[in-house]
Amino acid sequence: MKTIKLFLSYISIGLLMFFSSCTEEEQFFPSITSIPCEQPNVVADPNIISDFQCQANVVLDGVEAVLNPDEAGVNTSRFVGQYNDPSAPWDALIIDYGSSIDLSTFNTFKIKVKTSVAGTLKAKLEGGSSPGKEVDANITNTSGWVEYSFDFSDQFNQDHSKLVLFFNAGVENDGSDVYYIDDLKWVQTADPCAGVVADMNVVNDFDCQKNQEIPEVELTANPSKSDVNNSKFVGKYIDEEGAWDAVIIDYGEAIDLATHNVFKIKVLAPVEGILKAKLEGGTSAGIEKDVTITKTGEWVEYSYDFSEQALENHTKIVLFFNAGVETDGTQVYFIDDLKFAELSDACNGVTPDLSIINDFNCQQNTTIPGFITASIVENPMDGGSNPSDMVLEVIDNGTEAFDALIFESSQSFDLSTKNYFKIKVLTEKAVPLLVKLEGGTSPAKEVFVDIDVVGEWAEYTVDFTDQAGSDHKKLVLFFNGGQSDGTPTDKYYIDDLKFAAFDPCDGVASNMNIVNDFECQQNYEITCCVTTEIVANPDASGANTSSTVLKVTDNGLEAFDALVFDRAGVIDLGTKNKLKIKILSTRAVPLLAKLEGGSSTPKEVFIDINVVDKWTEYTIDFSDQAAENHKKIVFFFNGGQADGTAADIYYIDDIKWE
């Protein structure tokens, strides 16, 4: 603390002596005043918004400079800012620059915060010609100072004029929440590519492997992250007017195509059309290949097989977007991950599994003689219950009662243990399916099953356990078997024909009130973050006699490492909103349960795991969330504590809503 004024004039000394002579109880102390900055000629650092001392470069409305209430830890500054969060859920501290913020180099925002309020701190860039950009941080430490970072490096070339901070974002309060803040500043973002070794098979990924310049393509933020492409940066290309405007990537020397000769590129396209890739510029004749862009507004990876050019000499890759079509110069393409890959067969090294009759991909263990028309095609409805790329399209003459599709094996089917036949079917018509085993030394066996699901993939099971010791080499399918009420071109898609062992979960309907019992009702997916494994119940007694349970290996040195169950949709809490879970633990610890992932504010509830070495069922009351929107359940074992080991073990089972 600086002594700024200490006025002890002879007069004041006299007065002090005078009053002292009058009464001993009255005392006079000299005035001591502290001010934020005494340094002369301070040069403003434009990357510092405010440190509430010598670099208070931006006036923050609603923030008062006060003495630091806790000069310790990461913040020993004498002065800080005090911000009282208003009561509305989206009140904000707005830092308005009045012009575009320079994010070219300094694009990570940092702020130190001390508060007693846990919640989400949202930082948002807005106010310019670019779309707003939000980044969140979770405030969990409610005792000391914590510095939070917000990576806005993907906004390096965007236009924003405001930085907006939402404290406890989306949560209404009584207006008494106090936040102490300090050292608001922009810093250079850490280089994520430090130490990355160049892979010259990558042309350009616009992140760490920028091995070839791509003229006319601008580095920019990924406008639509997805499973296909979650890169931070991509290339932006505006297709110029004309039918043959091209992107030309000039290596200046021969491209090495000896082993890596399949060119790949990810594209987010605005229109359908031909994307032509051409190799040229060397001593060899140019070669062109086309792909057809049929999906727009989403990332798709395209491949060009140039393996026949392995020994040829080319120095340029030329890309024609919407090739041959006159364009108006306004179509914007985003591209990423341009590279050369090895030509590979995804099925190389796959060991035949003869219990699989045919999956129309890597396990084609039978022939199809061809009695009715069938062809392997792309899955018309991939994802969900059938993510396969390729399936079999069957064209059945529905006016004939017993025209057959035959699968023939070179050897007898082994039905000794795997004797349940399974088949996936996609159809628009509910029909009977006759399944027949024949072709060996045993009498033929026929079983009817009803195809009763239309418009989506469904798996059907046929019980052939009575054929365990029989000899059959052919599987025969009669679609709409025994009926002649169809058309000459009835269409069915089928996939994953196989023999399997008895599955106790076959035919068990999903009960979405059961989160997971680690047996037949595994309705929520485990998506993060601790190590888990479904294992045999180590103590099948008492409150839990289930055969299998989940073994959770928790890092007890981390206070908030999480186990996440994702509903993949909104959890219905309307009537069943008390969460039950069975736990077998060797330690008495707190358990933090959290609902999140939807449009509602996350909700946290602590309970105590207070019984050890015995299965115990615990109940977590979320009844106050009956009308809320959540998609995930998160468990923090020994939540908020770091007094365990790096491999604390918990067993859990039968998580359900009641």
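Placed above this text is the structure.
Residues numbered from 1 in each chain as written. Predicted model: local features only at pLDDT ≥ 70, side-chain atom pairs only at ≥ 80, totals over all residues. Heavy atoms only, no water.

With that settled, the discussion passes to the sheet that holds strand S4 (residues 93–96). Hydrogen bonding along the main chain pairs the strands of a sheet, whether they run parallel or antiparallel. Taking strand neighbours across the sheet as the criterion, the 4 strands line up as S4-S9-S6-S7 in an open arrangement whose pairing is antiparallel. One side of each edge strand has no neighbouring strand; the edge strands of this open sheet are S4 and strand S7 (133–139). Taken pair by pair, the neighbouring strands of this sheet meet at an average axis angle of 15°, ignoring direction. (Pairing = 2+ DSSP bridges. Helix = DSSP H or I, 4+ residues; strand = E, 2+ residues; numbered from the N terminus. Axes fitted to C-alpha atoms, helices over the stretch in contact; angles between N-to-C directions.)

Going through the model one piece at a time under the given rule, you end up with 25 aromatic pairs. Summarising the aromatic geometry, the rings of phenylalanine 360 and phenylalanine 407 are spaced 6.2 Å apart at their centres and angled 55° between planes, so their arrangement reads as tilted. Taken together, the positions of phenylalanine 360 in the loop between strand S21 (356–358) and strand S22 (373–378) and phenylalanine 407 in strand S24 (residues 405–408) put the pair 47 residues apart, joining distant regions of the chain. Clustering of aromatic rings is evident, with ring pairs tying together Phe518, Phe565, Phe635, Phe637 and Tyr650. (Phe/Tyr/Trp six-rings, centres within 6.5 Å; stacked < 30°, edge-to-face > 60°.)

So, about the state of the cysteines. For the structure shown, the criterion picks out 4 disulfides. Each sulfur in the disulfide pair cysteine 505 and cysteine 520 lies 1.9 Å from the other. Note on the cysteine 505 and cysteine 520 pair: the S-S dihedral is about -85°, so by sign convention the disulfide is left-handed. Taken as a pair, cysteine 505 in the loop between strand S30 (490–500) and strand S31 (514–516) and cysteine 520 in the loop between S31 and strand S32 (525–529) lie far apart in primary sequence, 15 residues in all. Residue cysteine 505 is classed as partly exposed on the basis of its relative accessible area of 23%. Judged by relative accessible area, which is 30%, cysteine 520 ranks as partly exposed. (Disulfide = S-S within 2.5 Å. Buried < 20%, exposed > 50% of the residue type's maximum accessible area, 1.4 Å probe, protein only.)

Our next topic: the layout of surface pockets. By volume, the largest pocket is sized at about 930 Å³. Mapped by element, the contributors of at least two residues to the lining of the largest pocket are strand S15 (260–268) and strand S18 (299–305). The dominant element in the lining of the largest pocket, judged by the number of residues it contributes, is S18, at 6 residues. Across the lining of the largest pocket, the residue classes tally to 9 nonpolar, 7 polar and 9 charged. Each pocket or cavity is described by its volume, and for the second largest pocket that value is around 620 Å³. Counting only elements with at least two residues in the lining of the second largest pocket, the list comes to strand S6 (119–126), S7, S32, strand S37 (589–596), strand S38 (603–609) and strand S40 (632–637). Grouping the amino acids of the lining of the second largest pocket by side-chain chemistry returns 12 nonpolar, 8 polar and 5 charged. (1 Å grid on protein atoms, 1.4 Å probe; cavity = no way out; pocket = protein on both sides within 12 Å on 5 of 7 lines; lining within 4 Å. Points joined across faces, edges and corners; volume = space filled by probe spheres on them. Nonpolar A, V, L, I, M, F, W, Y, C, P; charged D, E, K, R; others polar.)

The next thing to look at is the sheet that holds S38. With antiparallel pairing, 5 strands are arranged side by side in an open sheet as S32-S35-S40-S37-S38. Because the sheet does not close on itself, it has two edges, and the strands there are S32 and S38. On average, adjacent strands in this sheet sit at an angle of 20° to one another, irrespective of strand direction. Here 6 bridges tie S37 to S40, and the two strands are oriented antiparallel to one another. Bridge pairing in S40 places leucine 591 opposite phenylalanine 637.

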